[in-house]
Amino acid sequence: MVQPRVEKLITAIDIGSWKVSALIAGRTDSGELAILGTGQRESRGVRRGFIADMERTELAVRETVEQAERVAGTNIEDVWVSFSGGSLVSDVVTVERDMGGDRVEQADIDDLLNTGRQGIDPDGRVVLHAQPTCFTLNGRIGVKKPLGMHADMLGVDIHVVLADGAPLANLDLCVRGAYLNVNSIVASPIATGLACLSEEERDLGVALVEMGAGVTNVSLYAGGMLVGLHSIPIGAADITDDIASAFGIRRSQAERIKCFYGSAMQNRRDFREMIEIAPLAGDQSSGQAAGPNAEGGRITRAALVGVICERLNQLMTEVNATLVGMGFSSPTGRQVVLTGGGAELKGIADYAQGALGRAVRIGRPRGLSAMPEAHSGPAFATLAGLALYGASNPVDLRTMAPSQQTVHRVGAPLWWQRMMKAMRTNY
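Please read all numbers here as calculations on a predicted model, not as lab measurements.

Definitions and cut-offs
- Residues numbered from 1 in each chain as written.
- Predicted model: local features only at pLDDT ≥ 70, side-chain atom pairs only at ≥ 80, totals over all residues.
- Heavy atoms only, no water.
- Helix = DSSP H or I, 4+ residues; strand = E, 2+ residues; numbered from the N terminus.
- Buried < 20%, exposed > 50% of the residue type's maximum accessible area, 1.4 Å probe, protein only.
- Core = buried A, V, L, I, M, F, W, Y, C linked by side-chain atoms within 4.5 Å.
- Contact = heavy atoms within 4.5 Å.
- 1 Å grid on protein atoms, 1.4 Å probe; cavity = no way out; pocket = protein on both sides within 12 Å on 5 of 7 lines; lining within 4 Å.
- Points joined across faces, edges and corners; volume = space filled by probe spheres on them.
- Nonpolar A, V, L, I, M, F, W, Y, C, P; charged D, E, K, R; others polar.
- Axes fitted to C-alpha atoms, helices over the stretch in contact; angles between N-to-C directions.
- Parallel < 35°, antiparallel > 145°, perpendicular 65-115°, else oblique.
- Left-handed = near helix turned anticlockwise from the far one by under 90°.
- Pairing = 2+ DSSP bridges.

Trainee: Help me out: how do you make sense of the overall build of the protein in this one?
Mentor: Tallying secondary structure elements over the protein gives 11 helices and 18 strands in all. Across the 427 residues that make up the protein, the buried fraction comes to 53%.

See below:
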């Protein structure tokens, strides 16, 4: 691989339930973010997004990074790591300050942000992100740079992501055990949104559904920021397990036939197409018999699709209930973006569009040059987003000093009503 001239290296590691992947990117002298090397290994110690085996996870991280280093021809020390466990909680904190019609100075903005930091209530959790997203002047939303403007009331909306401390500490230990320094642990929905969603989509409102191996994260964007987040403990690996159980085959073979023959949409030809399988009954040491749907080591593709759709129906029912619960129920036509390894299943976009009753597209990573074809699919969206996040290094209020001022919090329902009102006014 030809290496462009780079000014800064950014290394991202995505530790998922099915795979551990790494990416080394460099900021070129032309301003582009180019991929220099990638690596991937099977995830052997993660369950539902949480570390279940420290040693095996450390080994997978070490092997993945070494592979990426060999391709890139360089050694790295600092990394950005994703976290996709089900303990993530998203909140929006709104802080306001009376300006009395005066001109906004930088000191006013700094004081407002310091106040916002004091207004964050972690409630026993760890603050993973605390980022100012947009400012308000006199109650109006969408002011990006209030410096130099006059205002009676200056406000800021701060996006906060919270997580349980123990899973984060275990993840940090695994990466540091592989002799790497952790720059920051980034919530997977934030990284994935950077890679898959356009700025306009994030402003107008869009739902991002990450179909990982062990967890499906549903996140809601509006006004340019993440305003809702919910995790469903169902993923693509559950489909693989269903196939293995239904036909009495190994997980590795179930994953292979899911990838090569699986589909989310039924076809009349599927009843005539046969798929060769190797039931566990052929393994004398296993003591297990072939599944009831396996006849003579062959199954119809229709039977395979039936098993896949049964689990997908359960998942999409949960996703739809989550979207409705987060206020993503009207108006019709709001878009859903599917990403993650599960989004690579054939026909999944059409299936989800029918199941959810909304426009659905597949989210693929963008914003990086020299992307290998093998890493250009939705399964690597989080990894690409981590690199983009590391390159932008956004402002985080966790590093700011505290301040003593009054904080006015806006609850989630009221916040959503205000956002929807502003969107209808502006668009």
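Trainee: Honestly, the nonpolar core in this entry has me stumped. Any pointers?
Mentor: The nonpolar side chains of soluble globular proteins are, as a tendency, buried together. Ranked by size, the top nonpolar core spans 58 residues in total, and within it Ile 13, Ile 15, Leu 33, Val 61, Leu 88, Leu 180 and Leu 368 carry the most contacts. Considering each element in turn, this core owes the most residues, seven residues, to helix α10 (residues 381–392). The residues touching Ile 13, leaving out its near neighbours within four places in the chain, are Val 20, Ser 21, Ala 22, Val 61, Val 65, Val 79, Trp 80, Val 81, Ser 82, Leu 180, Leu 383 and Leu 386. Phe 247, Ile 299, Cys 309 and Ile 362 belong to the second-largest nonpolar core, a separate cluster that totals 46 residues.

Trainee: It is not clear to me how the layout of surface pockets should be interpreted in this structure. Could you clarify?
Mentor: Remark: the empty space left among the atoms is shown by a probe the size of a water molecule rolled over them. Space inside the second largest pocket adds up to approximately 760 Å³. The wall of the second largest pocket is formed by 26 residues, among which Gln 131, Pro 132, Thr 133, Gly 224 and Pro 394 lie closest to the centre. Elements with a minimum of two residues in the lining of the second largest pocket: β8 (126–137), α4 (188–196), α5 (199–204), β14 (225–232) and α10. Ranked by the residues each element gives to the lining of the second largest pocket, the list is headed by β8, at five residues. Among the residues making up the lining of the second largest pocket, the classes are represented as 14 nonpolar, seven polar and five charged.

Trainee: Would you mind going over the packing of helix α6 (residues 236–247) against helix α8 (residues 301–325) with me for this structure?
Mentor: How two helices pack is summed up by the angle between their axes together with the distance between the axes. α8 packs onto α6 with a crossing angle of 135° between their chain directions and a minimal axis gap of 9 Å. Taken as axis vectors, α6 and α8 run oblique relative to one another. For the crossing formed where α6 meets α8, the hand is right-handed. Contacts from Asp 238, Ile 239, Asp 242, Ile 243, Ala 246 and Phe 247 of α6 reach α8 at Ala 303, Leu 304, Val 307, Ile 308, Arg 311 and Leu 312. For the contact of α6 with α8, the per-class residue count stands at nine nonpolar, no polar and three charged.

Trainee: Can you walk me through the sheet that holds strand β11 (residues 181–187) in this structure?
Mentor: Strand pairing within a sheet occurs via backbone hydrogen bonds; the two strands may be parallel or antiparallel. Within the open sheet, the five strands sit side by side as β3-β2-β1-β6-β11. Their pairing is mixed. Only two strands of the sheet have a single neighbouring strand rather than two, namely β3 (33–42) and β11. Direction aside, the axes of adjacent strands within the sheet are offset by 20° on average. Where strand β2 (residues 19–28) lies against β3, nine bridges are found, and the strand directions are antiparallel. Pairing of Lys 19 across the sheet is with Glu 42, part of β3. Where α10 meets the sheet, it contacts β1 (6–15), β2, β3, β6 (78–83) and β11, and its direction lies at approximately 140° from that of β1.

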